[in-house]
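Residue-level structural notes
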Amino acid sequence: AAPPPEAPQGPIRISIAVNADSLATWFLPAIAPLLKQHPIELNLLVDDESRTLDKVREGQAFGAVSLHPQPLAGCCVDELGEMNYLLTASPAFVARHFPRGLTREALAKAPAVAFDQRDDMHVSFMREHFGLEPGGYPCHTVHSSEAFVAMAEQGLAYCLIPELQIRGQLSGGSLLNLSPDHVLTERLYWHRWVLEKGVHKQLSQRLIDHARSQLKPR
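Here is a short report on the structure shown in this document. (Residues numbered from 1 in each chain as written. Predicted model: local features only at pLDDT ≥ 70, side-chain atom pairs only at ≥ 80, totals over all residues. Heavy atoms only, no water.)

With respect to the overall build of the protein
- The helix and strand inventory of the protein stands at nine helices and nine strands.
- When contacts within the protein are restricted to residue pairs at least 6 apart in sequence, those whose partners lie at least 24 apart make up 77%. (Helix = DSSP H or I, 4+ residues; strand = E, 2+ residues; numbered from the N terminus. Contact = heavy atoms within 4.5 Å.)

Notes on empty space enclosed by the protein
- A complete count under the given rule lists one cavity of 30 Å³ or more for this structure.
- Here the largest cavity is characterised by a volume of approximately 170 Å³.
- Along the walls of the largest cavity sit 18 residues, with Asp 21, Phe 115, Asp 119, Met 121 and Phe 148 positioned nearest its centre.
- Of all the secondary-structure elements, those providing two or more residues to the lining of the largest cavity are helix 1 (20-23), helix 6 (120-130), helix 7 (145-153) and strand 7 (159-162). (1 Å grid on protein atoms, 1.4 Å probe; cavity = no way out; pocket = protein on both sides within 12 Å on 5 of 7 lines; lining within 4 Å. Points joined across faces, edges and corners; volume = space filled by probe spheres on them.)

Digging into the environment of Leu 72
- Within the secondary structure layout, Leu 72 lies in the loop between strand 3 (63-66) and strand 4 (75-89).
- Expressed as a C-alpha distance, the spacing of Leu 72 and Arg 104, which sit 32 residues apart in the sequence, is 41 Å.
- In contact with Leu 72, not counting residues within four places along its chain, are Leu 53, Val 56 and Arg 57.

Considerations on the environment of Leu 80
- Tracing the sequence through the fold places Leu 80 in strand 4.
- Since its relative accessible area comes to 3%, Leu 80 is described here as buried.
- Once the C-alpha coordinates of Leu 80 and Val 199 are considered, the two residues, 119 residues apart in sequence, prove to be 20 Å apart.
- The residues contacting Leu 80, other than those within four sequence positions of it, are Trp 26, Val 65, Leu 188, Tyr 189, Trp 190, Leu 207, Ile 208, Ala 211, Arg 212 and Leu 215. (Buried < 20%, exposed > 50% of the residue type's maximum accessible area, 1.4 Å probe, protein only.)

Description of the nonpolar core
- One finds Trp 26, Leu 80, Phe 98, Tyr 158, Trp 190 and Leu 203 to be the most contacted residues of the largest nonpolar core, which totals 43 residues.
- Of all elements in the fold, only strand 1 (12-18), helix 2 (27-37), strand 4, helix 4 (91-97), helix 5 (104-107), helix 6, strand 9 (184-193) and helix 9 (198-214) reach the threshold of two or more residues within this core.
- Among the nonpolar cores identified, the runner-up in size contains 13 residues, and Phe 148, Ala 152, Ile 161 and Ile 166 belong to it. (Core = buried A, V, L, I, M, F, W, Y, C linked by side-chain atoms within 4.5 Å.)

Structure, rendered in structure tokens:
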């Protein structure tokens, strides 16, 4: 009698630390083909891009999308490209809150939205360009990139959103770029263990190639 067929191998569990904005834009299309080809069980650890590398350092993740260019010991890193953020709001919000333009006085009263209480990007943008400190303006906290866009489109707040995420809304006019002269740019990097192989290596290559096709080169 023929020997019984071998039991199929269980799924490959891969943990990746990724920032919410990458997850909402280029990340899933990058790895979708691989998820269809292989029995991968994905565990996504979503955190701010300034803190994702901690997950690799602590052994929780195989790789991370991060702002940091320097690799950890035992890891390698590739530059992915630049993500541009625009300060945006709906036309109705602009008419209501900024009838005389984007003044410091108007910004001190208009509701903004930040990703979390430690959203360094929003804080630094408001400080650098408008001289406003945290607590000097009303600000919602919403842990969701998609909800950012929804709040802006519904006229509930103004916020920094990746240009990649809202090209359709900008061209269609449902969102406006409030400050065309001020673009915030974040350079992203892919960190992972040096000893990657098999599916892990394929995943890294797909992430790098797709990110570089979507994000701005330096």
